[in-house]
Amino acid sequence: MKTAVIVFHGSNCDRDAATAIEAVTGHAPAMVWHEETELPEGLDFVMVPGGFSYGDYLRSGAVAARSPIVNDLKKKAEAGVPMLGVCNGFQILTEAGLLDGTLMRNASLHFVCEKAPLLVETANTRFTRGYADRKEIVIPVAHHDGNYFADEATLDRIEGEGQVVFRYANNPNGSARDIAGVTNAAGNVLGMMPHPERAVDADHGGTDGLALFESVLGKLS
Ligand SMILES: NC(=O)CC[C@H](N)C(=O)O
């Protein structure tokens, strides 16, 4: 299993991402600096981690989405490589045009940092097959720009195509239709604001994120 985590100026969840991946696969991912122009060949999984890339200037994720490595990330997405963007990673994937919608300032205008109850909207994805449909899980959120927005036609389309994967039970940020995580049309790219990599170890307060990594990293029996 060959995996990678992309690291930007201001990433701060890259090591948590690496720890979660290694806990499931037994192998450390390649840590790829954003100035690189190519991801390793033969990748099975790429993670775009959370943080405050470029200090969230302009718009969260906007500068990082123009990094050299993102050209190859787009090629890998097109080729079907599974990839997960969490929080700032989700913002970067929308800014790169790999996912529909955008993440606006939270409706409260406050940073939210809490354990968020979520509904697994569909277990019929490569990221969620380890859960049951409509299962409630608890995953931490920590962001100021998590307010998912897309126009009504886009929201109808992604809902109709089963691309809405996670929904908030108690919407913490004003996201349209309580959306917490979406995939692309092909289903190989998932972006989500909650942090599953912070929920893989009981000593850290919960393990509800583990099944996501086990699902996408092929570790389910
Ligand atoms: N934890 C994170 O990735 C923070 C995301 C983002 N920079 C925000 O606060 O909106």
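Owing to the predicted nature of the structure, the values given are computational and were not obtained by experimental measurement.

### Thoughts on the site of the ligand
Here is step 1 of the chain: Inspection of the region around the ligand gives 13 residues, with G51, D56, C87, H144 and D145 positioned closest.
Here is step 2 of the chain: Within the backbone of N88, an N or O atom sits 3.1 Å from an oxygen atom of the ligand.
Here is step 3 of the chain: Between the ligand and Q91, the relevant distance is 3.0 Å, taken from an oxygen atom to a side-chain nitrogen or oxygen of the residue.
Here is step 4 of the chain: Alone, the ligand offers 300 Å² of accessible surface; in the complex the protein occludes 99% of this.
Here is step 5 of the chain: For the shell around the ligand, the elements supplying multiple residues, two or more each, are α3 (88-95) and β7 (136-143).
Here is step 6 of the chain: Here the residues of the shell around the ligand are counted per class, giving four nonpolar, seven polar and two charged.

### Some details on the pattern of salt bridges
It is possible for side chains bearing opposite charge to pair when their charged atoms get close.
Here is step 1 of the chain: According to the stated counting rule, one finds 11 salt bridges in the structure shown.
Here is step 2 of the chain: Linking D100 and R157 is a salt bridge whose minimum nitrogen-to-oxygen distance equals 3.3 Å. Of the two residues, D100 sits in the loop between α3 and β5 (102-104) while R157 sits in helix α4 (residues 152-160), which places them 57 residues apart along the sequence.
Here is step 3 of the chain: Two residues, D145 and R105, come together in a salt bridge whose shortest N-O distance is 2.6 Å. Linking D145 in the loop between β7 and β8 (147-149) with R105 in the loop between β5 and β6 (112-120), this pair joins segments that are 40 residues apart in sequence.
Here is step 4 of the chain: Connected through salt bridges with shared partners, the residues E121, R134, E152, D156, E159, R167 and R177 form a single ionic network.

### So, the sheet that holds β6
Here is step 1 of the chain: An order of β2-β1-β3-β4-β11-β10-β9-β6-β7 is seen for the nine strands of this open sheet, with the pairing classed as mixed. Only two strands of the sheet have a single neighbouring strand rather than two, namely β2 (30-33) and β7. Averaged over all neighbouring strand pairs, the angle between strand axes comes to 25 degrees, with direction disregarded.
Here is step 2 of the chain: Pairing analysis gives three bridges linking β6 to strand β9 (residues 164-168), with the strands arranged antiparallel. Bridge pairing links V120 to F166 in β9.

### Looking at the side chain of E197
Here is step 1 of the chain: Considering the arrangement of structural elements, one finds E197 in the loop between β11 (189-192) and α5 (210-216).
Here is step 2 of the chain: One buried charged side chain, E197, makes no salt bridge at all; its nearest oppositely charged neighbour is R198, positioned 4.2 Å away.
Here is step 3 of the chain: Of the polar contacts made by the side chain of E197, one reaches the side chain of H195; its length is 2.7 Å.
Here is step 4 of the chain: Once residues within four sequence positions are removed from consideration, E197 is found in contact with C13, D16, A17, A20, M47, V86 and F213.

### Notes on the pairing of β6
Here is step 1 of the chain: Where β6 meets β7, eight bridges bridge the pair, whose relative direction is antiparallel. Bridging across to β7, E114 finds its partner in V141.

### Thoughts on the packing of aromatic side chains
Here is step 1 of the chain: Taken as a whole and assessed by the stated rule, the structure comprises one aromatic pair.
Here is step 2 of the chain: Ring geometry for F90 against Y148: centres 6.0 Å apart, planes inclined by 15 degrees, an arrangement best described as stacked. You can see F90 sitting in helix α3 and its partner Y148 sitting in strand β8, a full 58 residues away along the chain. Each member of the pair, F90 as well as Y148, carries the same accessibility label: buried.

### A word on helix α2 (residues 68-78)
Here is step 1 of the chain: For α2, the set of buried residues is I69, V70, D72, L73, K76 and A77. Projected down its long axis, α2 carries its buried residues within an arc of 160 degrees, all on one side. Away from the buried face of α2 by more than 90 degrees, exposed residues N71, K75 and E78 are located.
Here is step 2 of the chain: Packing partners of the buried residues in α2 comprise β1 (3-7), β2, β3 (45-48), β4 (83-86), α3 and β11.
Here is step 3 of the chain: Phi turns positive one or two residues past the end of α2, at G80, with a value near 95 degrees.

About the criteria used
- Residues numbered from 1 in each chain as written.
- Predicted model: local features only at pLDDT ≥ 70, side-chain atom pairs only at ≥ 80, totals over all residues.
- Heavy atoms only, no water.
- Near = heavy atom within 4 Å.
- Polar contact = N/O pair within 3.5 Å; in protein donor to acceptor, adjacent residues only side chain to side chain.
- Areas by Shrake-Rupley, 256 points an atom, 1.4 Å probe, with all protein chains shown as cover.
- Helix = DSSP H or I, 4+ residues; strand = E, 2+ residues; numbered from the N terminus.
- Nonpolar A, V, L, I, M, F, W, Y, C, P; charged D, E, K, R; others polar.
- Salt bridge = Lys/Arg side-chain N within 4 Å of Asp/Glu carboxyl O.
- Pairing = 2+ DSSP bridges.
- Axes fitted to C-alpha atoms, helices over the stretch in contact; angles between N-to-C directions.
- Buried < 20%, exposed > 50% of the residue type's maximum accessible area, 1.4 Å probe, protein only.
- Lys, Arg positive; Asp, Glu negative; His and termini not counted.
- Contact = heavy atoms within 4.5 Å.
- Phe/Tyr/Trp six-rings, centres within 6.5 Å; stacked < 30°, edge-to-face > 60°.
- Arc of directions from axis to C-beta.

Read these as spatial facts, not as claims about activity.
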